[in-house]
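Residue-level structure breakdown
Here is what each chain is made of, one letter per residue.
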Amino acid sequence: MVHEYIKGKIKEFTKEEKEKRYKYLGKEVIDVGDPGLDSIPEFYGIANAIWRDWKEGEISTKTAIGRLALLKLLTYKSKNKKIKDIPEEELEEVRKFIDYVIQVIENESKRSQR
């Protein structure tokens, strides 16, 4: 009975709808390739979208840093099976970029509190 209720509430997407769906906060970052976080451009796109939303005041510093920390966690192959074919060197570059964005947000938020 519960399964029937859930099935009735779940919307099935066509392949075209899945390709057109946006992933980060419902806007800006289009899912590239297969569904899910599985390519280097998606990592950079999401990190930039978080940074932009923080700059525009749409999300708080705490929220931005939390989302970036989760994004960084997903750059590890043990946490994200979809990136198993991406070279570790490229993933390390993404991690460095995410760390850079976190540092900029922390520094800017401290500067604006003064």
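Residues numbered from 1 in each chain as written. Predicted model: local features only at pLDDT ≥ 70, side-chain atom pairs only at ≥ 80, totals over all residues. Heavy atoms only, no water.

1. Notes on the packing of helix α3 (residues 40-55) against helix α4 (residues 61-73)
Any two packed helices are characterised by how steeply their axes cross, that is the angle between the axes, and by the distance between the axes. What counts, and what does not: Between N-to-C directions, angles span 0 to 180 degrees; the directions come from axes that are lines fitted to C-alpha atoms, helices contributing only their stretch in contact. A run of H or I in DSSP becomes a helix once it reaches four residues, and a run of E becomes a strand once it reaches two; helices and strands are each numbered from the N terminus. Small angles under 35 degrees read as roughly parallel and large ones over 145 as roughly antiparallel, with 65 to 115 read as roughly perpendicular and the rest as oblique. We call two residues in contact when some of their heavy atoms are within 4.5 Å. Gly is put with the polar residues, along with every residue not named as nonpolar or charged; the nonpolar set is Ala, Val, Leu, Ile, Met, Phe, Trp, Tyr, Cys and Pro, and the charged set is Asp, Glu, Lys and Arg.
Running from N to C, α3 and α4 point in directions that differ by 175°, and their axes come no closer than 9 Å. If you check the angle between α3 and α4, you find them roughly antiparallel. Counting all contacts with α3, which are made through Phe43, Ile46, Ala47, Ile50 and Trp54, the residues of α4 involved are Thr61, Ala64, Arg67, Leu68 and Leu71. The class makeup of the residues in the contact of α3 with α4 is eight nonpolar, one polar and one charged.

2. Focus on the pattern of salt bridges
It is possible for side chains bearing opposite charge to pair when their charged atoms get close. Here is the rule: Definition used for salt bridges: Asp or Glu carboxyl oxygen within 4 Å of a side-chain nitrogen of Lys or Arg. Relative accessible area decides the class of each residue, using a 1.4 Å probe on protein chains only: under 20% of the type maximum gives buried, over 50% gives exposed, and in between gives partly exposed.
Counting across every chain of the model gives four salt bridges. The partner of lysine 72 in a salt bridge is aspartate 99, with the nearest N and O atoms 2.8 Å apart. You can see lysine 72 sitting in helix α4 and its partner aspartate 99 sitting in helix α5 (residues 88-113), a full 27 residues away along the chain. The class of aspartate 99 is partly exposed, set by a relative accessible area of 35%. Arginine 95 serves as the salt-bridge partner of glutamate 92, at 2.9 Å between the closest nitrogen and oxygen. Remark: arginine 95 and glutamate 92 occur in helix α5; sequence separation between them is three residues, near one turn of the helix. Of the residues examined, arginine 95 reaches a relative accessible area of 2% and is grouped as buried. Each of Glu88, Glu92 and Arg95 takes part in a single network of salt bridges with overlapping partners.

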